[in-house]
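Summary of the model geometry
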2 protein chains.
Amino acid sequence: MADLRRPERTFTIRQLCNEFKATPRALRFYEDKGLLNPAREGLNRVYSHKDRVRLQLILRGKRVGLSLSEIRELLDLYDENDQGAAQMARSLKKFRERATALEQQRDDIDSAIVELREACDRLEKRLGEIRPDLLPRAADYEQVLRARLDGHAEAMLGK
Amino acid sequence: MADLRRPERTFTIRQLCNEFKATPRALRFYEDKGLLNPAREGLNRVYSHKDRVRLQLILRGKRVGLSLSEIRELLDLYDENDQGAAQMARSLKKFRERATALEQQRDDIDSAIVELREACDRLEKRLGEIRPDLLPRAADYEQVLRARLDGHAEAMLGK
DNA sequence: GCACAGGTTGACGTTTACGTAAGCGTTGAC
DNA sequence: GTCAACGCTTACGTAAACGTCAACCTGTGC
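In this numbering scheme, every chain counts its residues from 1 along its sequence in written order. Chain letters start at A and ligand numbers start at 1, both assigned in the order the entries are written. Confidence filtering applies because this is a predicted model: local features only for residues at pLDDT of at least 70, side-chain atom pairs given and counted only at 80 or more, and all residues used for totals across whole chains, interfaces and linings. The side-chain figures draw on all heavy atoms in the structure; neither hydrogens nor water molecules are used.

Points about the side chain of B:Arg98
Helix and strand assignments come from DSSP, with helices taken as H or I runs of at least 4 residues and strands as E runs of at least 2, each series counted from the N terminus. Mapped onto the secondary structure, B:Arg98 falls in helix H5 (residues 85-130). Throughout this description, buried means an accessible area under 20% of the type-specific maximum (1.4 Å probe, protein chains only), exposed means over 50%, and partly exposed covers the range between. His is not counted, nor are the chain ends; Lys and Arg add positive charge and Asp and Glu add negative charge. We define a salt bridge as a contact between a side-chain nitrogen of Lys or Arg and a carboxyl oxygen of Asp or Glu at a distance within 4 Å. One buried charged side chain, B:Arg98, makes no salt bridge at all; its nearest oppositely charged neighbour is B:Glu70, positioned 5.1 Å away. A distance of 3.2 Å separates the side chain of B:Arg98 from the backbone oxygen of B:Gly65, its partner in a polar contact. Excluding its chain neighbours within four sequence positions, the residues that come into contact with B:Arg98 are A:Leu116, B:Val64, B:Gly65, B:Leu66 and B:Gln105. Polar contacts here mean pairs of N or O atoms no more than 3.5 Å apart (in protein, one a potential hydrogen donor and the other a potential acceptor; neighbouring residues in sequence count only if both atoms are side-chain atoms). Residue contacts follow a heavy-atom distance rule, with two residues in contact if any of their heavy atoms lie within 4.5 Å.

What follows is the structure in structure tokens.
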């Protein structure tokens, strides 16, 4: 009948779930938390294109690590005044803050990685001293040995 | 009396808490979970140097993002046989896995940062079109304006 | 008339790492 | 003598984001 892409098209909960790989429970949960507000047809939820967009925004927010309540705040801002430049400015601020926080988080992770790598190196060294046979990727050592036999010393120096 | 650094020195819960910026509740919690097992003097906990080291390992594990149960596994491995090379090998494996997971996590964060930055740029652009006065860090714009007046065009090109 | 698919509303369960009392004992300072 | 500081145990509370029932309704095809 009607073109499924026409803007007045509506969606069932499952359609959106399939499209965005979410669960009905999740969408209902978002509604519970005030992030969505689909129309009803009797009891059944009926999602409009606007709802779909909101859902997209929610999921995007989640991807960048915003909490549902933060996402809600942003969504509310847009609702108050869809054209409000002030709201855009606040969103921008929020995004910037989040980006900064993420960079901090990434640096923390990098530190953790360094700490882990160092621990790995120490373990590897001691293991190599007492039980080289237990070292993972023994195949690499065979390569080294073969290289040695072949007189390709550079293979041991890494590149 | 005795040198506080002598190995037979013991610690109270609060001393360790102060040293490592933890709370008594946390140490008791770790004990509850089987990560620590301090001696008792009546009811009071008495931490030895070994306990202190364990606590250090616990906190290090936390810093790199291991869960308490994972940390516990590792500590248990060391306990079973303090010299066991096999256990070292398993720890090494665990660390490697964690490092890999962390790198994945870091990449995810990087993606999120990119997504956020793009959103920021879009917002900034549209805001600049409709309400440039709301743009954050208006001071920079004043700088640009001043640079323009001064004929220093390169200041606008960044660097 | 009935199973079946898919919708609904509660409401409790899960996980992690503690926080936060409540209630009580011990010790040292004043 | 008593108050503060510290310690103990037991146990409920918290936060996030849903998962997982249970029990019920409802339209459809056969």
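Quick notes on the relation of the copies chain A and chain B
The two copies are related by a screw motion: chain A maps onto chain B through a turn of 180° and a shift of 0.0 Å along the axis, at an RMSD of 0.1 Å. Here the copies are linked by what is in effect a two-fold axis. Within chain A, the C-alpha atom positioned nearest to the axis of rotation is that of A:Arg106, 2.8 Å from it. Of the interface residues in chain A, 100% have counterparts in chain B that sit at the interface too, so the contact is made through matching surfaces. Fitting of the copies onto one another was done by least squares over C-alpha atoms, counting residues only where both copies have pLDDT of at least 70.

Thoughts on the protein's contact with DNA strand D
Throughout this document, a residue counts as near a molecule or strand when at least one of its heavy atoms sits within 4 Å of that molecule or strand. Around DNA strand D sit 17 residues in total, of which A:Thr23, A:Lys62, B:Arg14, B:Arg28 and B:Arg45 are the nearest. In the interface set of DNA strand D, defined as its atoms within 4 Å of the protein, sugar plus phosphate atoms amount to 66%. Within the contact set of DNA strand D, a phosphate oxygen lies 3.2 Å away from a side-chain nitrogen or oxygen of B:Arg40. Ranked by residue count, the leading element in the surface near DNA strand D is helix H2 (residues 24-32) of chain A, at 4 residues. When its residues are assigned to classes, the surface near DNA strand D shows 6 nonpolar, 4 polar and 7 charged. Polar here means any residue outside two lists: the nonpolar Ala, Val, Leu, Ile, Met, Phe, Trp, Tyr, Cys and Pro, and the charged Asp, Glu, Lys and Arg; Gly therefore counts as polar.

As for the interface of chain A and chain B
Taken residue by residue, the interface counts 37 residues in chain A and 37 residues in chain B. Once two parts are put together, the accessible area they lose, assessed with a 1.4 Å probe and summed over both, is termed the buried area. Between chain A and chain B, roughly 3,600 Å² of surface is buried when both sides are summed, and carbon and sulfur atoms account for 73% of that area. In terms of surface lost to chain B, no three residues of chain A exceed A:Met88, A:Leu116 and A:Leu123, which account for 17% of the buried area on that side. Scanning the region where chain A abuts chain B turns up 10 salt bridges.

Considerations on the protein's contact with DNA strand C
Near DNA strand C, the surroundings consist of 17 residues, among which A:Arg14, A:Arg45, B:Thr23, B:Tyr30 and B:Lys62 are the closest. Protein-adjacent atoms of DNA strand C, using a 4 Å cutoff, are sugar or phosphate at a proportion of 65%. Contacts to DNA strand C include A:Arg28, whose side-chain N or O atom sits 2.8 Å from a phosphate oxygen. Between DNA strand C and the protein, one listed contact pairs a phosphate oxygen with a backbone N or O atom of B:Leu68 at 3.4 Å. When contributions to the surface near DNA strand C are tallied by element, the ones reaching two or more residues are helix H1 (13-20), H2 and strand E2 (44-46) of chain A together with helix H2 (24-32) of chain B. Considering every element that reaches the surface near DNA strand C, the biggest residue donor is H2(B), with 4 residues. Residue composition of the surface near DNA strand C, by class: 6 nonpolar, 4 polar and 7 charged.

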